[in-house]
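Listed below are the residues making up each chain.
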Amino acid sequence: MAGVGDAAAPGEGGGGGVDGPQRDGRGEAEQPGGSGGQGPPPAPQLTETLGFYESDRRRERRRGRTELSLLRFLSAELTRGYFLEHNEAKYTERRERVYTCLRIPRELEKLMVFGIFLCLDAFLYVFTLLPLRVFLALFRLLTLPCYGLRDRRLLQPAQVCDILKGVILVICYFMMHYVDYSMMYHLIRGQSVIKLYIIYNMLEVADRLFSSFGQDILDALYWTATEPKERKRAHIGVIPHFFMAVLYVFLHAILIMVQATTLNVAFNSHNKSLLTIMMSNNFVEIKGSVFKKFEKNNLFQMSNSDIKERFTNYVLLLIVCLRNMEQFSWNPDHLWVLFPDVCMVIASEIAVDIVKHAFITKFNDITADVYSEYRASLAFDLVSSRQKNAYTDYSDSVARRMGFIPLPLAVLLIRVVTSSIKVQGILSYACVILFYFGLISLKVLNSIVLLGKSCQYVKEAKMEEKLSNPPQTCTPGKPSSKSQNKCKPSQGLSTEENLSASITKQPIHQKENIIPLLVTSNSDQFLTTPDGDEKDITQDNSELKHRSSKKDLLEIDRFTICGNRID
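Residues numbered from 1 in each chain as written. Predicted model: local features only at pLDDT ≥ 70, side-chain atom pairs only at ≥ 80, totals over all residues. Heavy atoms only, no water.

**Student:** Even after reading the chapter, I still don't get the layout of surface pockets, so can you show me in this structure?
**Tutor:** Think of a ball as big as a water molecule: rolled over the atoms, this probe shows where empty space is left. When its volume is computed, the second largest pocket comes out at roughly 1,100 Å³. Around the second largest pocket, the lining comprises 27 residues; the ones closest to its centre are Phe127, Leu413, Val417, Phe435 and Leu439. At seven residues, helix α18 (residues 426-460) tops the list of elements feeding residues into the lining of the second largest pocket. Within the lining of the second largest pocket, the residues separate by chemical class into 24 nonpolar, two polar and one charged. (1 Å grid on protein atoms, 1.4 Å probe; cavity = no way out; pocket = protein on both sides within 12 Å on 5 of 7 lines; lining within 4 Å. Points joined across faces, edges and corners; volume = space filled by probe spheres on them. Helix = DSSP H or I, 4+ residues; strand = E, 2+ residues; numbered from the N terminus. Nonpolar A, V, L, I, M, F, W, Y, C, P; charged D, E, K, R; others polar.)

In C-alpha cells, the structure reads:
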C-alpha cells in the first residue's frame with residue numbers, strides 16, 4: 001500500500017490536469033509484481049481518471065468544429081481525386097459499348113446491302129428467268145410424245161412449280177386490270193390526314209400478316225402439285241390450293257397498291273404534313289423495339305424484316321415516281337421536284353434502322369460481329385440452293401427467311417408499268433426487247449457477284465461442312481421427338497467435292513420406288529410435336545439450348561417463334 005501512495009502523491013500536489021493520471025499510470029507500471037495483484041484502484045481515483053478522459057474528448061470536438069469552414073470544404077472539393085484503374089473492368093466494358101455503337105452503322109449497312117441485293121435477285125428472277133423456265137417446261141410438255149414415256153413423271157417438280165408461278169402471275173395481272181388506280185387515288189386523297197395515317201399503319205400490319213400466311217399457301221400448292229401419287233391422299237386437291245394461291249396473290253397485290261397510293265398522296269400533298277407523319281411513324285418503331293429484351297435470334301428476325309421493308313419501300317418509291325412522271329407527261333424537271341422527298345424518306349429509314357439496332361445491341365450486350373453471322377446465314381441459303389440436295393428454289397428460301405414474297409409485288413409493278421408506258425410502233429417493241437435483255441444481263445451479273453460473295457462469307461464462317469452434310473429427313477406422320485431413330489440422311493455431296501464445283505450441278509432425281517421424304521428442321525419439330533410426348537419435348541429443348549448460335553440461325557425464318565417476340 002505504501003507503493004501506491006508514493007505513486008499517487010506526486011499527482012496530487014504537482015501539476016494536476018492530465019499529467020497526474022499519466023504519472024499515476026507510469027508509477028503503477030514501475031511497481032514490483034507484488035503490488036499488481038491487490039485489486040482495482042479506489043472509486044474516487046477511477047472517477048477522476050474518467051473525468052480527465054471526458055474533458056479531453058470535449059476539447060477535441062471543439063477543435064474539430066473550429067476547423068470546419070466553407071473555405072476548407074471548397075478546397076477539398078477542388079483538390080480531391082480518384083483512380084479509374086480501381087474499377088478497370090467496368091470502364092473497359094463501357095468503352096467497348098461505345099465502340100460497338102460506332103461499328104453498328106457499318107456492319108448493319110453491309111448486311112442491309114447484301115440482303116437488298118438478295119431480294120433484288122429474287123425479284124428480277126420473276127421477270128427474267130421465270131418466263132424462260134416456263135417456256136422450257138411447256139416445250140417439254142408439248143414435245144413429250146417425241147421422247148416417249150421413259151420417265152413416269154411428265155414434268156420435273158421444279159418445272160411444275162415454275163408453270164404454277166407463271167399461271168398465277170398471268171391470272172392476277174389480268175385481274176388487276178379491273179382495279180381502277182385513279183379512282184383509288186382520289187378516294188384516298190379525299191380522306192383526312194389522321195385517317196390516312198391510321199390506314200397506313202393498318203396496311204403495314206396487314207402486309208406482315210399476308211406475308212406470313214401467303215408463303216405457306218404457296219408452299220402448300222407446290223407440294224400438293226408435286227407430291228408423288230403413290231402416297232395416300234391427305235389434301236383437298238390441287239385446284240382448291242391453286243385458287244387459294246391466286247386469291248392470296250391478288251389480295252396482297254391490292255394491299256400493296258393501296259400502300260403505294262397512300263404514299264403517292266403524301267408526296268403530292270401541298271404542305272407535306274402526311275409525308276411528315278408517315279416518316280415520324282418510323283421513329284415510333286424505335287420506342288416499340290429498343291426497350292424490349294432481344295436475343296440473337298430475335299435480332300436476326302428483325303434484321304430480315306428491315307431488309308424486306310427497305311426493299312419494298314424502294315419499289316413503292318419507284319411506283320410513285322412512275323405514276324407522277326406519267327401525270328406530268330414524263331417531264332424530267334418534275335423528277336427533280338420528287339428527288340428531295342425520295343431522299344428524305346430513304347434517309348429517315350436508314351437513320352431509324354441505325355439508331356434502333358445500335359441501342360438494341362447496347363441494351364442486350366450483343367456485339368457488332370453478330371451481323372457477320374447473319375450475313376453468313378443468308379449466304380448459306382444462296383449457296384445451298386445450288387447444291388445437288390437442294391429442296392427449294394432460291395426465291396422461296398428468301399421468302400421464308402425474310403418474309404419477302406416477290407409475286408404480289410411483281411404483279412403490281414407489271415400493272416403500273418404497262419398502264420404508265422404506252423408501247424406503239426416497231427421501235428418501241430425493239431426498245432422493250434432490249435430492255436428485257438438488259439434485265440437478264442443485270443440478273444445474271446447480280447447472281448454471279450452474289451454467289452461469289454456468298455461462297456466467301458460461307459468460307460469465312462467455316463460452314464462448308466454443313467453444305468457437305470445434307471439435312472436429315474423424316475417421313476411425315478412420325479413423332480418428331482423420335483426423329484433420331486427414324487430419320488435417315490438424304491443423298492448429298494461428299495466432303496471431298498469442291499464448293500465452287502458443287503453449286504453448278506443439277507439436283508439428283510430420286511427413284512420412284514423410294515418413299516419421298518420431307519425435310520424438317522428441329523425448330524419445326526419443337527413447335528409441332530404432339531402433346532403426348534412432353535418428356536421428349538424437354539429433351540429436344542435441352543438439345544436446342546446446347547447448340548451453337550450459327551446452327552440456330554440456319555433454322556430460323558422470318559416467322560418462326562423464338563425468344564420473346566416476333567418483329
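Still more ground to cover, so stick around.
**Student:** Teacher, can you tell me more about empty space enclosed by the protein here?
**Tutor:** Scanning the model with the defined rule gives four cavities of 30 Å³ or more in all. Of the pockets and cavities examined, the largest cavity occupies roughly 150 Å³. Along the walls of the largest cavity sit Tyr200, Glu204, Leu263, Leu275, Met278, Met279, Asn282, Glu309, Asn313, Val345 and Glu349, which together make up its complete lining. Of all the secondary-structure elements, those providing two or more residues to the lining of the largest cavity are α10 (193-226), α12 (273-290), α13 (296-327) and α14 (332-363). A breakdown of the residues in the lining of the largest cavity according to their chemical character gives six nonpolar, two polar and three charged.

**Student:** Got a minute to help me understand the nonpolar core in this structure?
**Tutor:** Most often, soluble globular proteins have nonpolar side chains that are buried together. Membership of the largest hydrophobic core comes to 108 residues, with the highest contact counts inside it found for Ile168 and Phe267. In terms of residues, this core owes the most to one element, helix α11 (residues 238-268), which gives 16 residues. (Core = buried A, V, L, I, M, F, W, Y, C linked by side-chain atoms within 4.5 Å. Buried < 20%, exposed > 50% of the residue type's maximum accessible area, 1.4 Å probe, protein only.)

**Student:** Sorry if this is basic, but what is going on with the pattern of salt bridges here?
**Tutor:** Once the charged atoms of two side chains with opposite charge are near each other, the side chains can pair. Enumeration over the complete set of coordinates arrives at 15 salt bridges. Between Asp369 and Arg103 there is a salt bridge, and its shortest N-O distance comes to 2.6 Å. Here Asp369 is found in the loop between α14 and α15 (370-384), whereas its partner Arg103 is found in helix α5 (residues 88-127), with 266 residues between them in sequence. For Asp369, a relative accessible area of 39% puts it in the partly exposed group. The residue Arg323 makes a salt bridge to Glu326 at a minimum N-O spacing of 3.2 Å. Here Glu326 and Arg323 lie together in helix α13, a separation of three residues that amounts to about one turn. Several salt bridges share partner residues, and in doing so they unite Glu109, Asp306, Arg310, Asp353 and Lys356 into one network. (Salt bridge = Lys/Arg side-chain N within 4 Å of Asp/Glu carboxyl O.)

**Student:** Quick question: what am I supposed to make of α15 here?
**Tutor:** Three- or four-residue spacings in an α-helix give side chains the same orientation, since the helix completes a turn every 3.6 residues. Taking 1.5 Å of rise per residue, the 15 residues of α15 would be expected to cover 21 Å, and the 21 Å separating its terminal C-alpha atoms lies within 8% of that figure. Burial of α15 is extensive: 13 of the 15 residues sit out of reach of the surface. (Expected span 1.5 Å × (residues − 1).)

**Student:** Help me understand unusual backbone geometry in this model?
**Tutor:** For residues besides glycine, phi is generally negative; the peptide bonds are generally trans as well. One non-glycine residue, Ser329, adopts positive backbone phi at about 55°. Within the element layout of this structure, Ser329 appears in the loop between α13 and α14. Even without a glycine there, the phi angle at Lys462 is positive, about 60°. In this fold, Lys462 is placed in the loop between α18 and α19 (464-468). Overall, Lys462 belongs to the exposed group, its relative accessible area being 63%.

**Student:** I would appreciate a short explanation of the packing of aromatic side chains in the present structure.
**Tutor:** Both the distance between ring centres and the angle between the ring planes are used here to describe each pair of aromatic rings. Inspection of the entire model under this criterion finds 13 aromatic pairs. Pairing Phe123 with Phe311 gives two aromatic rings, centres 5.8 Å apart and planes at 75°, and the pair type is edge-to-face. In this pair, Phe123 sits in helix α5 while Phe311 sits in helix α13, placing the two residues 188 residues apart along the sequence. As far as the burial class goes, Phe123 and Phe311 line up, both buried. Note on Phe359 and Phe363: the rings are 5.9 Å apart at their centroids and 45° apart in plane angle, and the pair reads as tilted. Of this pair, Phe359 and Phe363 are both found in helix α14, four residues apart, which corresponds to roughly one turn of the helix. Given the relative accessible area of 38%, Phe359 is considered partly exposed. According to the relative accessible area criterion, Phe363 is partly exposed, its value standing at 40%. (Phe/Tyr/Trp six-rings, centres within 6.5 Å; stacked < 30°, edge-to-face > 60°.)

**Student:** What's the story with a nonpolar patch on the surface in this structure? I'm lost.
**Tutor:** A grouping of Trp330, Ile421, Val423, Tyr429 and Val432 is seen on the molecular surface, where their side chains present a nonpolar patch of about 450 Å² in accessible area. The topology assignment puts Ile421 in the loop between α17 (406-420) and α18. (Patch = residues over 30% accessible without salt bridge, like charges linked within 9 Å, V, L, I, M, F, W, Y side chains within 5 Å. Areas by Shrake-Rupley, 256 points an atom, 1.4 Å probe, with all protein chains shown as cover.)

**Student:** Whenever I open this one, a positive patch on the surface confuses me. Can you help?
**Tutor:** The grouping of Arg58, Arg59, Arg61 and Arg62 at the surface amounts to a positive patch. Along the polypeptide, Arg58 turns up in helix α3 (residues 43-67). (Lys, Arg positive; Asp, Glu negative; His and termini not counted. Charge placed at Lys NZ, Arg CZ, Asp CG, Glu CD.)

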